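The chain contents come next:
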Amino acid sequence: MFEGFEEKKVGTSGAAINLVVGGNGPPLLLLHGYPQSHVMWHKVAPRLAQDFTVVAADLRGYGDSDKPGGDPEHYTYSKRAMARDQVEAMESLGFTTFYLAGHDRGARVSHRLTKDNPERVLKLATLDIIPTHRMFHIVNKEMAANTFHWFFLIQPYDFPERVIGADADYFIRHSFQRGENWQEVFPEEAISEYVRCSTEPATIHAICEDYRAGASIDLVHDEEDFANKVTCPHLVLWSDRGYVGRTQDVLGVWSDYSNNAGGHSMPSGHYIAEELPEETCVELRDFFLAP
């Protein structure tokens with residue numbers, strides 16, 4: 001799925017990060033969402049590689065990256081720790097500054113990475129999220145129904161791990177095998193990769209810890225530096241059919257967290273890059289290449 005890309009596993013101070021790199025031009029780091037891996041960019045990365053040196057990486061705990069065990073404070077899977085992995089991985093590839101795009105959990109890592117390392121990120125694109133800090137301030141019946149996994153996965157160890165582990169293949173596949181055209185959006189080759197990685201006990205634990213961190217230590221970090229907004233140019237894209245797009249003034253929300261946010265909805269479900277790969281490529285290319 002990444003013809004012409006080189007696969008690497010890069011050591012960092014916190015975890016070895018699995019990634020693929022290919023193309024020519026300024027560096028662009030792509031970070032995936034839950035319950036996926038760098039494979040979610042398989043329709044987009046080859047196109048973007050015509051204009052960028054594309055790095056599509058697995059987050060700590062996901063894909064074929066290392067999966068350290070959790071800790072009582074959940075710091076191991078804080079977005080700060082996960083972001084540090086990616087900064088060090090890019091530096092090991094020779095890139096001290098880069099463009100950055102993230103989807104879902106990867107967008108949350110990207111948001112934190114940009115806040116912690118403003119000198120590194122030239123431009124930021126976030127796909128189909130509003131900040132975690134805001135999400136936990138708007139909890140209501142509709143949010144709980146539409147994003148139930150947020151509240152299931154944060155339950156104490158090892159309840160969700162055991163429940164998912166009872167039929168992990170079904171649990172992961174259920175995330176993708178919905179909608180009339182899901183087989184076109186998610187080819188079996190991609191789903192098989194998501195299942196291969198995300199049904200491992202270590203990955204199931206890491207996913208839970210990622211969400212536990214989002215409901216604990218990440219909120220502490222967000223409160224501590226709430227006044228420090230993203231300052232670089234920031235593209236915001238979101239699904240017009242998802243919970244966030246249907247219920248929130250997405251750009252209005254981001255204005256409290258980013259000084260230069262602009263963007264629009266996309267006629268898709270949550271998995272924008274896989275549902276609308278050509279349109280996603282155009283949006284990212286035009287944004288990152290603009291003066």
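Above this text is the structure in question.
Overview of the structure. (Residues numbered from 1 in each chain as written. Predicted model: local features only at pLDDT ≥ 70, side-chain atom pairs only at ≥ 80, totals over all residues. Heavy atoms only, no water.)

## Quick notes on the sheet that holds strand 1 (residues 6-10)
Now for step 1: A sheet is described by the order of its strands in space; here eight strands give the open sequence 1-2-4-3-5-6-7-8, paired in mixed fashion. The sheet is open, and its two borders are formed by strand 1 and strand 8 (261-266), each paired with just one other strand. Neighbour-to-neighbour, the strand axes of the sheet open up by a mean angle of 20°, direction not taken into account.
Now for step 2: In this sheet, strand 2 (residues 17-23) lies alongside strand 1 in antiparallel orientation, the contact comprising five bridges. Among the inter-strand pairings, glutamate 7 is bridged to a residue of strand 2, identified as valine 20.
Now for step 3: Packed onto the sheet, helix 3 (residues 105-116) meets strand 3 (27-31), strand 5 (98-103) and strand 6 (121-127) and runs at close to 145° relative to strand 5. (Pairing = 2+ DSSP bridges. Helix = DSSP H or I, 4+ residues; strand = E, 2+ residues; numbered from the N terminus. Axes fitted to C-alpha atoms, helices over the stretch in contact; angles between N-to-C directions. Contact = heavy atoms within 4.5 Å.)

## What about the packing of aromatic side chains?
Now for step 1: All told, the structure shown has 17 aromatic pairs when counted by the stated rule.
Now for step 2: Where tyrosine 99 meets phenylalanine 288, the ring centres are 5.0 Å apart and the plane angle is 35°; that geometry is what we call tilted. Of the two residues, tyrosine 99 is situated in strand 5 and phenylalanine 288 in helix 16 (residues 277-289); the sequence distance between them amounts to 189 residues.
Now for step 3: The exposure class of phenylalanine 288 is buried, given its relative accessible area of 1%.
Now for step 4: Between phenylalanine 176 and tyrosine 271, the ring centres sit 5.5 Å apart and the planes meet at 45°, which makes this aromatic pair tilted. With phenylalanine 176 in the loop between helix 8 (168-174) and helix 9 (182-185) and tyrosine 271 in the loop between strand 8 and helix 15 (272-275), this pair connects stretches of sequence that are 95 residues apart. An identical accessibility class is assigned to phenylalanine 176 and tyrosine 271; each is buried.
Now for step 5: The lysine or arginine in question, arginine 105, covers the ring of tryptophan 150, its NZ or CZ lying 5.6 Å from the ring centre. (Phe/Tyr/Trp six-rings, centres within 6.5 Å; stacked < 30°, edge-to-face > 60°. Buried < 20%, exposed > 50% of the residue type's maximum accessible area, 1.4 Å probe, protein only. Lys NZ or Arg CZ within 6 Å of the ring centre and 35° of its normal.)

## Let's talk about the nonpolar core
Soluble globular proteins: nonpolar side chains tend toward being buried together.
Now for step 1: Ranked by internal contacts, the top residues of the largest apolar core, which has 53 residues, are Leu29, Leu100, Ile130 and Leu153.
Now for step 2: With six residues, helix 11 (residues 201-214) is the single largest residue contributor to this core.
Now for step 3: Sequence-distant contacts of leucine 153, that is, excluding residues within four places in its chain, are made with Tyr34, Pro160, Ile164, Ile207, Cys208, Tyr211 and Arg212.
Now for step 4: Of all hydrophobic cores here, the second largest spans 38 residues; its members include Ala49, Ala101, Phe176 and Leu235. (Core = buried A, V, L, I, M, F, W, Y, C linked by side-chain atoms within 4.5 Å.)

## Focus on the pattern of salt bridges
Now for step 1: A full pass over the atoms with the stated rule returns 26 salt bridges.
Now for step 2: Close ionic contact of lysine 8 with glutamate 6 constitutes a salt bridge, the shortest N to O distance being 3.5 Å.
Now for step 3: Looking at lysine 8, the relative accessible area reads 29%, which means it is partly exposed.
Now for step 4: One salt bridge connects arginine 120 with glutamate 91, and the closest N-O pair in it is separated by 3.4 Å. Residue arginine 120 is located in the loop between helix 3 and strand 6, and its partner glutamate 91 is located in helix 2 (residues 79-92); the two are separated by 29 residues in the primary sequence.
Now for step 5: Salt bridges sharing partners connect three or more residues here, namely Arg80, Arg112, Lys115, Asp116, Asp222 and Asp225. (Salt bridge = Lys/Arg side-chain N within 4 Å of Asp/Glu carboxyl O.)

## A closer look at helix 2
Now for step 1: Helix length check: helix 2, at 14 residues, gives a terminal C-alpha distance of 20 Å against a target of 20 Å (1.5 Å per residue), a fit within 8%.
Now for step 2: Taken as a whole, helix 2 has its buried residues at Lys79, Arg80, Ala81, Met82, Ala83, Asp85, Gln86, Val87, Ala89 and Met90.
Now for step 3: Just downstream of helix 2, glycine 94 is the residue with a positive phi angle, here 100°. (Expected span 1.5 Å × (residues − 1).)

## Re the environment of serine 268
Now for step 1: Within the fold, serine 268 resides in the loop between strand 8 and helix 15.
Now for step 2: Each C-alpha atom, one on serine 268 and one on serine 78, is 29 Å from the other, the two residues being 190 residues apart in sequence.
Now for step 3: Setting aside residues up to four positions removed in sequence, serine 268 forms contacts with Ser239, Asp240, Arg241, Glu275 and Leu276.

## What to know about unusual backbone geometry
Now for step 1: In the segment running from tyrosine 34 into proline 35, the intervening peptide bond is cis, with an omega of -10°.
Now for step 2: Its place among the elements puts proline 35 in the loop between strand 3 and helix 1 (45-48).
Now for step 3: Tyrosine 157 connects to aspartate 158 through a cis peptide bond whose omega is 0°.
Now for step 4: Along the chain, aspartate 158 falls in the loop between helix 6 (148-153) and helix 7 (159-166).
Now for step 5: At histidine 74, a residue that is not glycine, the phi angle is positive and equals roughly 65°.
Now for step 6: Tracing the backbone through its elements, the reader meets histidine 74 in the loop between strand 4 (53-57) and helix 2.

## A closer look at helix 16
Now for step 1: An ideal rise of 1.5 Å per residue puts 18 Å on 13 residues; helix 16 measures up with 18 Å between its terminal C-alpha atoms.
Now for step 2: Of the positions making up helix 16, those classed as buried are Pro277, Thr280, Cys281, Leu284, Arg285, Phe287 and Phe288.

## A short note on the pairing of strand 3
Now for step 1: For strand 3, the tally of buried residues reaches five of five residues, placing the bulk of the element in the interior.
Now for step 2: Of the two faces of strand 3, both are covered, the one formed by Pro27, Leu29 and Leu31 as well as the one formed by Leu28 and Leu30.
Now for step 3: Sheet analysis places strand 3 next to strand 4, joined by five bridges and oriented parallel. Directly across from leucine 30, in strand 4, lies its bridge partner alanine 56.
Now for step 4: Sheet topology note: the strand 3/strand 5 ladder contains four bridges and is parallel. Looking across to strand 5, one finds that leucine 29 is bridged to leucine 100.

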